[in-house]
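# Summary of the model geometry
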2 protein chains.
Amino acid sequence: MARSVGRICKSFQRLGLLSKQTQLVPFTRVPVGTVRTIVTLPSFLFPQPRDFSLPNPSWGSEMTRMYEHYESQCEVETEGGQKQKGPWRRLPSYNRLLKYATGGVYLSKMIQSKARLFTRNIRNPGAAFEYVLFMNKEEQKCVCILQAGHLLEGPPGHVHGGAIATMIDTVTGTHATFLSGPVMTANLNINYRRPIPLGGTVLLESSLEKKEGRKTFITCRVTSTDGSKLHTETSALFLSITASHLLGG
Amino acid sequence: MARSVGRICKSFQRLGLLSKQTQLVPFTRVPVGTVRTIVTLPSFLFPQPRDFSLPNPSWGSEMTRMYEHYESQCEVETEGGQKQKGPWRRLPSYNRLLKYATGGVYLSKMIQSKARLFTRNIRNPGAAFEYVLFMNKEEQKCVCILQAGHLLEGPPGHVHGGAIATMIDTVTGTHATFLSGPVMTANLNINYRRPIPLGGTVLLESSLEKKEGRKTFITCRVTSTDGSKLHTETSALFLSITASHLLGG
């Protein structure tokens, strides 16, 4: 029992969910039956995981400029000088789906896993996907600013078609989840119009087309940041699912 | 001039194309005009780059079994006991499109680049995409065995839809290139039928549908290795291009 508690705590530490300096009752003195208490440590003991959607020094001027454009519309000033929520909202981004690691019957399975989100599996800033998503609830739109790093190469000097598909799936999937709750990708129909230069910054704009029962239809355009060059056009279909689908139920 | 030769040689070394132990004439003694001789060092001086399509210890039993199944059909024995080419051919796989780094006007630009092929950008065996492609010229088919590592997560415990799209683009794109010469992806229409468990091994089978002028139509199915479970179905369209398209011409 003590050993399994040790394994769980080490897994937490590896995931960055539990500081190595955290003082815990030594495992050898933990009586059987207290495991649940240790596993459900209150959230203030968990250091903040890295939010990959925040700016870092690898961001170029175009990425930074676009970020500031949308970030400035997340909180606006009223005429009276008071601050209030703006039309856009930045979505934080982590390298695991943490909500599944903080509770539930799959806890032990998930925390022992080394799994990482595909789009955030490289920690070296600027090397792969640098991106940030903003959501506009009222207009039912989602935008993503993407700076495509040197590890995403497909044709020489250009971004891999699969890396572009990955970002399209990420943006439309996140958008569909916000509109319809848990969903799974059912179809992606991607038209590639113009290759994206490696190192370039582009804009992904996702819009709701329609909802029909369990189906959510989303369209997505990838363009240059000024909108003048169209790189891809996509129609995507998502199916609503229950949480038990995701957790192997 | 000596400095630029040094930079070129260092770039070669970083790319693994030139051993650090290789004895070269000291740059300070190299007279102007011999740069071309050094840059075009004969291929026997270049150590063999790593072929990612060969088995490594991270491969599970299913991946290994499928590899041996196709590998054994690459060379067959005749009735007289002599060896001859079989119906299948394994395609080697590197983390750069090396043919563009060994010559041509874009040499200096390419070797200074840190770019890596998206599907081979993580060197840690088993962590991301472990895959090998086999081509059958006579049947105009291509198969790929894929073992999906823990860094490819999308929904908890399952492979990211973008990672699946990436492998589909890779397999159908390679297949189209063998059939039609240089091509670019024009359309990917992917139907996701059943999620792929993280760590699982699947088979991608790509078939020529038709060729019409510059267009090559390919279909691709992703199934369990015994073919009993269908994960995705795809139709893909590729457009033939000239080499100058690729190299920014």
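This is a predicted model, so every value here is computed, not measured.

### Some thoughts on the nonpolar core
In this structure, L204(A) and L204(B) are the most contacted members of the largest nonpolar core, which totals 72 residues. Sequence-distant contacts of L204(A), defined by excluding residues within four places in its chain, comprise C142(A), V143(A), C144(A), L146(A), M167(A), I168(A), V171(A), C220(A), R221(A) and V222(A).

### Description of the interface of chain A and chain B
Taken residue by residue, the interface counts 41 residues in chain A and 41 residues in chain B. Counting the surface chain A buries against chain B, the share from its top three residues, F118(A), E153(A) and P156(A), is 19%. Where chain A meets chain B, there are 0 salt bridges. Along the contact surface separating chain A from chain B lie 25 residue pairs in polar contact (both at pLDDT 80 or more). For the side of chain A that touches chain B, the elements supplying multiple residues, two or more each, are α5 (161-180) and β6 (183-192) of chain A. In terms of residue count, the dominant contributor to the side of chain A that touches chain B is β6(A) (9 residues). In terms of residue class, the side of chain A that touches chain B is made up of 22 nonpolar, 14 polar and 5 charged. Examined bridge by bridge, β6(A) and strand β6 (residues 183-192) of chain B share 5 bridges and lie antiparallel to one another. Each residue of the ladder has a partner; that of I190(A), found in β6(B), is L188(B).

### Observations regarding the environment of F52(A)
Residue and element names in this part refer to chain A. Tracing the sequence through the fold places F52 in the loop between α2 (35-39) and α3 (61-71). On the basis of relative accessibility, which here comes to 5%, the residue F52 falls in the buried class. Put simply, F52 and V183 are 131 residues apart on the chain and 23 Å apart in space, counted from C-alpha to C-alpha. Contacts of F52, omitting those with residues within four sequence positions, involve S93, Y94, N95, R120, R123 and Y131.

Parameters at a glance
Residues numbered from 1 in each chain as written. Chains lettered and ligands numbered in written order. Predicted model: local features only at pLDDT ≥ 70, side-chain atom pairs only at ≥ 80, totals over all residues. Heavy atoms only, no water. Core = buried A, V, L, I, M, F, W, Y, C linked by side-chain atoms within 4.5 Å. Buried < 20%, exposed > 50% of the residue type's maximum accessible area, 1.4 Å probe, protein only. Contact = heavy atoms within 4.5 Å. Buried area = accessible area lost by both parts, 1.4 Å probe. Salt bridge = Lys/Arg side-chain N within 4 Å of Asp/Glu carboxyl O. Polar contact = N/O pair within 3.5 Å; in protein donor to acceptor, adjacent residues only side chain to side chain. Helix = DSSP H or I, 4+ residues; strand = E, 2+ residues; numbered from the N terminus. Nonpolar A, V, L, I, M, F, W, Y, C, P; charged D, E, K, R; others polar. Pairing = 2+ DSSP bridges.

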